Structures are given as C-alpha cells and as structure tokens.
Amino acid sequence: MSLVCSAAGLTVIDFTTMSKPNKRVKRFPCPRTRLDFLIAADRKHLSAAYELVYQCYLRRGLIAPNDGKIVYRPAFGHPTSRTFVGLTEQGELLGTLTLVGDNPHGFQLEQTFAEEISRLRASQRRLAEITCLAIKPMCDTAAMAVFFGLTRLMIHYAIFQRFDDLLIAVHPRHQQFYSRRFLACPIGEPRSHHAVKGKPAVCCRIEVARLHQQGDPGLRQQYFGRPVPERLLAGGAIQLADHIYFCRRAGITDFAGQGRTEYDAPPATAPRRLAS
C-alpha cells in the first residue's frame with residue numbers, strides 16, 4: 001500500500017500494491033484500486049456519505065431506523081462544517097466522516113458533555129466536533145488505510161480553519177487507540193451517551209497544534225509530510241438547497257444553522273499553517 005499526493009493534490013491511497021489480507025480477516029474484501037479523498041461538495045457524494053453512516057450505525061444498533069435512511073443534523077449545514085469522503089477510481093464510496101465547526105446549534109456531544117465543552121469555550125478555544133465516521137466492511141488493512149486517509153484530510157482542513165481542538169466521542173475501549181495515535185485526552189468520565197442510544201462514551205480532545213508537534217513520528221510524516229493545497233480545503237460548504245433537502249429527508253423541521261455568525265471566520269491574526 002502506498003500513500004501519495006496526486007497531481008491534483010488530493011490524498012491518494014494505492015491499494016493495488018497492498019499485500020493480501022491474512023486469513024483472520026479473509027471474510028472482508030480488500031479493494032484493489034486507488035482511493036481518492038476529498039471534501040464532498042455535491043448532493044450525490046453527500047447522499048452516499050450520509051446513507052453509509054445510516055447503514056453502519058443502524059447495523060451496530062447506534063440509531064433508530066428513519067424513513068430517509070440517512071444521518072444528518074442541522075449543524076452539518078454550517079459554513080465551517082465539512083463532510084469528507086473516500087472514493088474508488090470507479091466512484092464507489094468506501095468511507096466518510098464529518099467535522100462540525102462550532103455553531104449556534106452547538107455540538108451533539110453537548111447533550112452528554114455540556115459542562116466540559118463549556119469550559120473549553122470559556123478559554124476561547126476554537127472547537128470542532130468529529131462525527132459520523134463510517135467505513136464499509138473490508139479487510140482490516142484497507143479499513144485502516146481509509147481511516148487514516150479521511151483523518152489526514154480532516155486534520156489539514158482543521159488547520160486551514162484554525163481550529164484549536166477537535167472533540168470526539170469514542171467508546172471507552174477505543175480510547176487508548178485515539179490517545180496513542182492522536183494524543184487525544186479525555187475531558188470527562190465515561191457516561192451513557194444519548195446520541196448512540198445510551199451506549200457508553202468518553203469525550204476526547206485532540207489539540208491540533210500538539211498533534212502536529214508531538215504526535216507519533218510515523219503518523220506525523222504520513223499526515224504532514226506533504227501539504228494539501230488550500231484550494232482543495234477552501235470549498236465544500238453544503239449549499240442551502242442541499243441543506244434543506246437533507247433536513248427534510250431526515251425529518252428535521254428546523255432548517256436553521258446556515259446563517260453566518262461570529263463562529264464562521266477564523267481570527268485574522270491566527271496563522272494559516274502550523275509551523276513545521
């Protein structure tokens with residue numbers, strides 16, 4: 001497997017060089033193709049992403065069924081929120097995640113960890129929430145490649161938006177993985193999380209600058225060894241018509257959340273890029 005940047009600047013994983021999966025994960029296929037990672041900007045890719053989240057979360061018992069068969073929230077339509085996707089050369093979506101910028105709706109995490117997040121806001125930190133991570137069933141090696149491709153692009157977008165902290169709810173058994181790979185620190189005790197039907201979760205904080213400066217050397221090289229052109233990070237906000245479409249499809253009657261507020265623009269004095 002190789003991870004490179006294509007001529008267009010997109011993150012690309014070449015699965016054609018990947019070794020065969022071992023017998024332990026043989027029941028899931030390994031894609032034999034290149035995979036491009038990008039910010040979803042059209043209804044087709046966005047629909048595929050939110051449908052994949054719905055399918056994965058429903059199968060794991062994290063959500064209840066809904067007629068629209070998607071997972072969508074009003075905060076996804078906020079100008080600093082982005083949905084990231086990994087696509088094969090044939091256009092098949094293999095994975096997705098969404099980064100939600102701070103917004104008037106707040107974070108879904110605040111349903112469970114309101115006090116902890118309020119303290120971070122009080123310290124004037126620019127926050128974003130990682131949510132709706134979903135990857136199609138495939139061999140472990142390929143799934144991890146998709147995971148790191150998605151999160152690499154997400155981290156570069158977070159730097160571009162000058163977010164200080166990325167927040168994520170993880171199952172307690174996954175906390176060590178995020179701590180080791182992303183230097184994620186828990187900011188509260190594990191508790192029953194409303195967003196996943198009461199299953200246990202811990203809220204973790206990833207400091208973007210600390211990850212860049214002190215993270216695992218191999219991960220730093222993979223994430224920061226090659227820059228992602230800013231032109232690929234500047235677009236991708238969900239259009240109002242698409243936002244309304246997805247809200248209606250998800251059964252959401254409140255279409256607010258796209259109005260630009262003080263949350264939108266990064267501070268004018270903040271650096272655009274972290275120092276190497």
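The structure this text deals with has already been given above.
Below is a summary of the structure that appears in this document. What you see is a predicted model; the values in this text were computed from it and never measured.

Here we take up the side chain of Asp242. Within the secondary structure layout, Asp242 lies in helix H8 (residues 240–249). Within polar-contact distance, the side chain of Asp242 engages the side chain of Arg43 at 2.7 Å.

Note that Tyr57 resides in helix H1 (residues 43–59). Residue classification places Tyr57 among the buried residues on the basis of a relative accessible area of 12%. As a C-alpha pair, Tyr57 and Ile70 span 13 residues in sequence and 10.0 Å in three-dimensional space. In contact with Tyr57, other than residues within four places in its own chain, are Leu62, Ile63, Cys132 and Leu133.

For the coordinates displayed, the defined rule picks out one cavity of 30 Å³ or more. Its boundaries defined by the atoms lining it, the largest cavity holds a volume of some 60 Å³. Taken together, Leu97, Ile130, Leu133, Phe147, Thr151, Met154, Ile168, Tyr178, Phe182 and Ile206 form the lining of the largest cavity. Breaking the lining of the largest cavity down by element, the ones donating at least two residues are strand S6 (127–135), helix H3 (140–160) and helix H4 (175–182). Here the lining of the largest cavity takes three residues from H3, the largest share from any one element.

In this section: the environment of Met154. With respect to the secondary-structure elements, Met154 resides in helix H3. A relative accessible area of 2% places Met154 in the buried class. Filtering out sequence-adjacent residues up to four positions away, Met154 remains in contact with Phe84, Leu97, Leu99, Ile130 and Leu166.

Attention now moves to the nonpolar core. Ranked by size, the top nonpolar core spans 42 residues in total, and within it Phe84, Leu99, Met154, Ile155, Tyr157, Leu166 and Phe182 carry the most contacts. Setting aside chain neighbours within four positions, we find Leu99 in contact with Thr80, Ser81, Arg82, Phe84, Ala128, Glu129, Ile130, Met154, Tyr157, Ala158, Phe163 and Leu166. Val53, Tyr57, Leu62 and Ile70 belong to the second largest nonpolar core, which has 36 residues in total.

Another aspect to go through is unusual backbone geometry. For Gln124, which is not a glycine, the phi torsion comes out positive at approximately 65 degrees. Here Gln124 lies in the loop between helix H2 (110–122) and S6.

Rules of the game
Residues numbered from 1 in each chain as written. Predicted model: local features only at pLDDT ≥ 70, side-chain atom pairs only at ≥ 80, totals over all residues. Heavy atoms only, no water. Helix = DSSP H or I, 4+ residues; strand = E, 2+ residues; numbered from the N terminus. Polar contact = N/O pair within 3.5 Å; in protein donor to acceptor, adjacent residues only side chain to side chain. Buried < 20%, exposed > 50% of the residue type's maximum accessible area, 1.4 Å probe, protein only. Contact = heavy atoms within 4.5 Å. 1 Å grid on protein atoms, 1.4 Å probe; cavity = no way out; pocket = protein on both sides within 12 Å on 5 of 7 lines; lining within 4 Å. Points joined across faces, edges and corners; volume = space filled by probe spheres on them. Core = buried A, V, L, I, M, F, W, Y, C linked by side-chain atoms within 4.5 Å.

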